[in-house]
Amino acid sequence: MQMNTPPRSTIRMTRRGRFVLIATGAVVAATAVAVPLLTADGGGGEDTRPRTLVIPEGWRAGQVYDAVDKTLALPAGSTRKSLDKAGLKLPNDAEGNPEGYLFPATYPLPEKATPESLLSSMVETANKRFNGAPIAAGAQRNAMNVYQAVTIASIVQAEAATRADMGKVARVVFNRLERGMPLQMDSTINYGLNRSTLKTSESDTRIDSPYNSYQRMGLPPTPIDNPGEEAMRAAINPTPGDWLYFVTVKPGDTRFTANYDEHLRNVDEFNANQKKASPAPTK
C-alpha cells in the first residue's frame, strides 16, 4: 500500500545516543570517538605491546582500518590498501566491500599479526555469526537474504538510542519498506558524506548519493557500519508494531508512533527541550 510521505524538512530520525531530529534547519550530533581500544600487559615491564584489539559495535570500516594501522604501528592507510590481497570471504552482494562484516569483538594480537590476518579474523567471525541457523533462518523468514539483514542491522545500530529500542527501530525500517516509503534516515546520509558529526540540512537531503535515503527508495547499497549481535537479532526479529516515526525527545525518552501529527508534537517537544538546553546568546 502506497502512503504519502510528509515533507522531508519535518522528518528526522534519531542517531544512536544522539539527538538528530529537528523540524527545520540543521541537525547537530557529537562526533563518534574513533580511538582503538587496546589491552596490554600492566606489569610495568618493557614489553608494552598491545595484546588485543577491541572493535566496538557500530564502528565503520574506516574506523577499523585506522585502529589496525595504529595498533600495528603502520603508516596511515596501510590496512585499507591491504584489502586486495587479504582474500576476504565476503558474500557476493558485498562486491569486495567488508563494511558490515568486520565483526565487533575482542581480537588477539599475535606477534606476527598483519592487517590481512586481523581483517580475515573479523570477517570469519561475522560469517560464523551471520550464517548460522538463527540469523540465516530469520532473514529468510523476513523474505530477505543475510546481507540485507546485516544492512538493516547496521541502520538499527546507528539509529537506536538504547538496546531496548533496537527492535522498534527495526520495525520502523520494515514498515516503511513495506509501505513504499523512503527510509529518511540521517545516519545513511551521514555515511554517504563520510562524516560522524551530523549537521543535516535540507541541502544534505538532496545530495546525489546511493546512501541518500531521503531521495532513494529501499535499503542503502551496503551496510553503514559493523553491527553487533543485538542489532542483528533486532533486524531478523523486529518488535511488533505499526510505528513509522521516532524521535528522541530527551535522553532515555525515544518516542515511536504511526501518527504523523503525534510525531510532530514530539518534534515540537524535542525542539523546546533543545531551546531550554541552549545557552542564551551573549550581547
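Just above, that's the structure.
The structure reproduced in this document is the subject of the present report. The shown structure was predicted, so the numbers you read here are calculated from the model rather than taken from an experiment.

1. Examining the overall build of the chain
1) Next: Within the chain, the regular secondary structure consists of ten helices and five strands.
2) Next: Taking all 283 residues of the chain together, the buried fraction comes to 48%.
3) Next: Residue pairs in contact within the chain that sit at least 24 positions apart in sequence constitute 67% of those at least 6 positions apart.
4) Next: When the accessible area of the chain is evaluated, it comes to approximately 13,700 Å², of which 51% is carbon and sulfur surface.

2. Details of helix 9 (residues 229-236)
1) Next: Those residues of helix 9 not exposed but buried are Ala 231, Met 232, Ala 234, Ala 235 and Ile 236.
2) Next: Those residues of helix 9 that are buried are in contact with helix 4 (115-130), helix 5 (133-141), helix 6 (146-159) and helix 7 (166-178).

3. Re the layout of surface pockets
1) Next: Approximately 260 Å³ is the volume found for the second largest pocket.
2) Next: For the second largest pocket, the lining is made up of 13 residues, of which Ala 61, Gly 62, Arg 80, Glu 99 and Asn 194 are closest to its centre.
3) Next: Ranked by residues supplied to the lining of the second largest pocket, first place goes to helix 1 (residues 61-71) with five residues.
4) Next: A class-by-class count of the residues in the lining of the second largest pocket yields three nonpolar, five polar and five charged.

4. Some points on the side chain of Thr 125
1) Next: The topology assignment puts Thr 125 in helix 4.
2) Next: There is a polar contact of 2.8 Å between the side chain of Thr 125 and the backbone oxygen of Ser 121.
3) Next: Not counting chain neighbours up to four residues away, the residues in contact with Thr 125 comprise Phe 103 and Tyr 107.

5. Thoughts on empty space enclosed by the protein
1) Next: Under the defined criterion, the tally for this structure stands at one cavity of 30 Å³ or more.
2) Next: Size it by volume and the largest cavity reaches roughly 40 Å³.
3) Next: Surrounding the largest cavity, Thr 188, Pro 210, Tyr 211, Asn 212, Ser 213, Arg 216, Met 217, Gly 218, Leu 219 and Pro 220 form its lining.
4) Next: Residues belonging to the lining of the largest cavity are distributed by class as follows: five nonpolar, four polar and one charged.

6. Section: the nonpolar core
A general tendency of soluble globular proteins is for nonpolar side chains to be buried together.
1) Next: By size, the foremost hydrophobic cluster in this structure holds 57 residues, and its most contacted members are Val 64, Tyr 101, Leu 102, Met 122, Phe 130 and Val 156.
2) Next: Breaking this core down by element, the ones donating at least two residues are helix 1, helix 4, helix 5, helix 6, helix 7 and helix 9.
3) Next: For this core, the element with the highest residue contribution is helix 6, accounting for nine residues.
4) Next: Sequence-distant contacts of Leu 102, defined by excluding residues within four places in its chain, comprise Ile 55, Ala 61, Val 64, Tyr 65, Leu 119, Met 122, Val 123 and Asn 226.

7. Considerations on the pattern of salt bridges
1) Next: In total, this model carries ten salt bridges according to the counting rule given.
2) Next: Of the charged contacts, one joins Glu 230 and Arg 163 as a salt bridge, the two residues approaching to 3.9 Å between their closest N and O atoms. Taken together, the residues span a long stretch of sequence, with Glu 230 in helix 9 and Arg 163 in the loop between helix 6 and helix 7 at a distance of 67 residues.
3) Next: By relative accessible area, Glu 230 is classed as partly exposed at 26%.
4) Next: A salt bridge links Asp 204 to Arg 195, with the nearest nitrogen and oxygen atoms 3.2 Å apart. Neither residue differs from the other here; Asp 204 and Arg 195 are each classed as buried.
5) Next: Counted as one network, the salt bridges with shared partners bring together Glu 57, Arg 163, Glu 230 and Arg 233.

8. Here we look at helix 6
1) Next: With 14 residues, helix 6 ought to run about 20 Å at 1.5 Å a step, and its terminal C-alpha atoms sit 20 Å apart, in line with that.
2) Next: Most of helix 6 sits out of view: 13 of its 14 residues are buried.
3) Next: Between a side-chain oxygen at the N-terminus of helix 6 and the backbone nitrogen of Tyr 147 the separation is 3.1 Å; the capping residue is Asn 145.

9. A look at the packing of aromatic side chains
Note on aromatic pairs: each is described by the distance of the centres and the angle between the planes.
1) Next: What the rule picks out here adds up to seven aromatic pairs.
2) Next: Measuring from ring centre to ring centre gives 5.6 Å for Tyr 245 and Tyr 260, while their planes differ by 50°; the resulting arrangement is tilted. Pair noted here: Tyr 245 is in strand 4 (residues 245-250) and Tyr 260 is in helix 10 (residues 260-277), with a separation of 15 residues, a long-range link.
3) Next: Taken together through their ring pairs, the aromatic side chains of Tyr 101, Phe 103, Phe 130 and Tyr 147 make up a single cluster.

10. A few points about the pairing of strand 4
1) Next: Counting buried positions over the six residues of strand 4 gives five, a clear majority of the element.
2) Next: By the bridge criterion, five bridges tie strand 4 to strand 5 (residues 253-257) in an arrangement that is antiparallel. Bridging across to strand 5, Phe 246 finds its partner in Phe 256.
3) Next: The hairpin formed by strand 4 and strand 5 contains two residues between the paired strands, and Gly 252 there has a positive phi angle of roughly 85°.

Calculation criteria
- Residues numbered from 1 in each chain as written.
- Predicted model: local features only at pLDDT ≥ 70, side-chain atom pairs only at ≥ 80, totals over all residues.
- Heavy atoms only, no water.
- Helix = DSSP H or I, 4+ residues; strand = E, 2+ residues; numbered from the N terminus.
- Buried < 20%, exposed > 50% of the residue type's maximum accessible area, 1.4 Å probe, protein only.
- Contact = heavy atoms within 4.5 Å.
- Areas by Shrake-Rupley, 256 points an atom, 1.4 Å probe, with all protein chains shown as cover.
- 1 Å grid on protein atoms, 1.4 Å probe; cavity = no way out; pocket = protein on both sides within 12 Å on 5 of 7 lines; lining within 4 Å.
- Points joined across faces, edges and corners; volume = space filled by probe spheres on them.
- Nonpolar A, V, L, I, M, F, W, Y, C, P; charged D, E, K, R; others polar.
- Polar contact = N/O pair within 3.5 Å; in protein donor to acceptor, adjacent residues only side chain to side chain.
- Core = buried A, V, L, I, M, F, W, Y, C linked by side-chain atoms within 4.5 Å.
- Salt bridge = Lys/Arg side-chain N within 4 Å of Asp/Glu carboxyl O.
- Expected span 1.5 Å × (residues − 1).
- Phe/Tyr/Trp six-rings, centres within 6.5 Å; stacked < 30°, edge-to-face > 60°.
- Pairing = 2+ DSSP bridges.

Geometry only, nothing functional implied.
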